[in-house]
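A closer look at the structure
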Amino acid sequence: MRKTKGVKMSDLKEFEELEKDICAFAKEMHGKEHKVHYEGPFITGKLENPKILFLSINPGGGDETVTKNDFKKVKFKHLDERYPLAKELEYIFGRNILENSCETYMESFFATVGKTALNELLARFDKESRKEHDELCEKMLELALETKPKMIVIIGVGNFDYFCHNNNLEWNRNNEKLVSKRRYLLSTEYNGIPVYGIIHLSGARPSNAMKDELQRFFAEKISKN
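Attention here is on the structure that accompanies the text.

Analysis parameters
- Residues numbered from 1 in each chain as written.
- Predicted model: local features only at pLDDT ≥ 70, side-chain atom pairs only at ≥ 80, totals over all residues.
- Heavy atoms only, no water.
- Phe/Tyr/Trp six-rings, centres within 6.5 Å; stacked < 30°, edge-to-face > 60°.
- Helix = DSSP H or I, 4+ residues; strand = E, 2+ residues; numbered from the N terminus.
- Buried < 20%, exposed > 50% of the residue type's maximum accessible area, 1.4 Å probe, protein only.
- Arc of directions from axis to C-beta.
- Contact = heavy atoms within 4.5 Å.
- Pairing = 2+ DSSP bridges.
- Expected span 1.5 Å × (residues − 1).
- Axes fitted to C-alpha atoms, helices over the stretch in contact; angles between N-to-C directions.
- Parallel < 35°, antiparallel > 145°, perpendicular 65-115°, else oblique.
- Left-handed = near helix turned anticlockwise from the far one by under 90°.
- Nonpolar A, V, L, I, M, F, W, Y, C, P; charged D, E, K, R; others polar.
- Core = buried A, V, L, I, M, F, W, Y, C linked by side-chain atoms within 4.5 Å.

Considering the packing of aromatic side chains
Using the criterion set out here, one finds 14 aromatic pairs in the structure. Relative to Phe110, the ring of Phe25 has its centre 6.1 Å away and its plane inclined at 25°; by these criteria the two rings are stacked. Taken as a pair, Phe25 in helix α1 (residues 13–31) and Phe110 in the loop between β5 (102–105) and α4 (115–123) lie far apart in primary sequence, 85 residues in all. Under the relative-accessibility criterion, Phe25 is labelled buried at 1%. An aromatic cluster is built from Phe54, Phe76, Phe93, Tyr196, Phe217 and Phe218, whose rings are joined through pairwise contacts.

So this is what it looks like as structure tokens:
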């Protein structure tokens with residue numbers, strides 16, 4: 001991944017162009033009779049110096065559909081949602097932090113019910129389509145990083161491993177936080193930006209003790225930025 005160069009948030013041209021490219025690709029996949037779900041936009045929340053850039057593998061859930069979207073800035077995706085993940089994010093980080101953060105995805109912009117379903121979907125793409133998909137995803141993450149976040153939080157410790165592997169990052173395993181051998185907080189750095197991996201707050205069913213520790217940890221980190 002290239003080093004971020006920064007982007008003027010008053011000019012959303014790059015975001016607009018990428019949104020159109022993603023929508024066009026999604027329609028093409030429908031034309032090839034692939035069951036894909038894309039709602040967009042590919043990034044939500046504050047797009048200039050966000051407190052946190054939240055990353056996950058891909059959007060969850062959804063039926064087969066493609067929504068035509070012109071890119072527009074919208075509020076952070078999980079605000080006002082009542083799904084378990086949204087509730088836990090608000091509990092740990094607080095509404096004010098979420099209102100000043102953004103979120104996007106690392107592996108795909110297509111929504112699936114889980115990682116296995118995503119793998120099965122991508123495995124059905126022909127070589128050329130898979131290459132185009134992956135290039136769009138790389139651009140998606142590059143633009144997200146160009147918002148210059150204060151920190152990156154990756155939802156899911158397995159997803160943290162994925163991010164580190166793709167970017168040749170090391171992390172100090174002595175700094176991992178565990179409860180009953182379950183990892184729930186990991187850390188590294190990417191181009192000078194602190195990166196944290198946290199246990200998936202809905203799928204992994206973290207304990208209250210884990211969530212309380214995460215709340216204390218990030219309150220301290222955020223207060224220093």
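What follows picks up the thread again.
Some words on helix α2 (residues 84–93)
Of all the residues in α2, the buried ones are Leu85, Ala86, Glu88, Leu89, Ile92 and Phe93. Take α2 and look down its axis: the buried residues cluster within an arc of 165°, on one side only. Residues of α2 that are buried make contact with β3 (52–56), α3 (95–99), β6 (151–155), β9 (193–198) and α7 (208–223). Taken from the residues just after α2, Gly94 is the one with a positive phi, measuring 90°.

With respect to the pairing of strand β8 (residues 182–190)
Of the strand pairs in this sheet, β8 and β9 are connected by six bridges, and their pairing is antiparallel. The residue bridging Leu186 from the neighbouring strand is Gly197, located in β9.

Thoughts on helix α5 (residues 127–145)
An ideal rise of 1.5 Å per residue puts 27 Å on 19 residues; α5 measures up with 27 Å between its terminal C-alpha atoms. Three or more residues of α5 are buried, namely Ser129, His133, Leu136, Cys137, Met140, Leu141, Glu142, Leu143, Ala144 and Leu145.

Examining the side chain of Ser129
By the secondary structure assignment, Ser129 is in helix α5. Given the relative accessible area of 3%, Ser129 is considered buried. Discounting chain neighbours no more than four positions away, the residues touching Ser129 are Phe25, Met29 and Lys32.

Structural notes on the packing of α1 against α5
Packed helix pairs are characterised by how far apart their axes lie and by the angle those axes make with each other. Close contact between α1 and α5 brings their axes to 11 Å; oriented N to C, the two are set at 155°. Overall, the two elements α1 and α5 adopt an arrangement that is roughly antiparallel. When you trace α1 past α5, the crossing you get is left-handed. Residues Glu14, Phe15, Leu18, Asp21, Ile22, Phe25, Glu28 and Met29 of α1 form the contact with α5, whose own contacting residues are Ser129, Glu132, His133, Leu136, Lys139, Met140 and Leu143. Considered class by class, the residues forming the contact of α1 with α5 number eight nonpolar, two polar and five charged.

Concerning the packing of α2 against α7
Where α2 contacts α7, the axes come no closer than 8 Å and their chain directions differ by 50°. By the angle between their axes, α2 is oblique relative to α7. Across from Glu88, Tyr91, Ile92 and Phe93 in α2, the residues of α7 making contact are Lys211, Asp212, Leu214, Gln215, Phe218 and Ile222. Here the contact of α2 with α7 is built from residues that sort into six nonpolar, one polar and three charged.

A short note on the nonpolar core
Grouped together as the largest cluster of nonpolar side chains are 44 residues, with contacts concentrated most on Phe42, Phe109, Phe110 and Phe163. Sequence-distant contacts of Phe110, defined by excluding residues within four places in its chain, comprise Phe25, Ala26, Met29, Val36, His37, Tyr38, Asn58, Pro59, Leu118, Leu121, Phe125 and His133. By size, the runner-up hydrophobic cluster in this structure holds 24 residues, among which are Ile92, Ile199, Phe217 and Phe218.

Quick word on the environment of Cys137
Residue position: Cys137 is located in helix α5. For Cys137, a relative accessible area of 3% translates into the label buried. C-alpha separation for the pair Cys137 and Glu107, spaced 30 residues apart in sequence, amounts to 6.4 Å. The contact partners of Cys137, leaving out residues within four places of it in the chain, are Met106, Glu107, Ser108 and Phe109.

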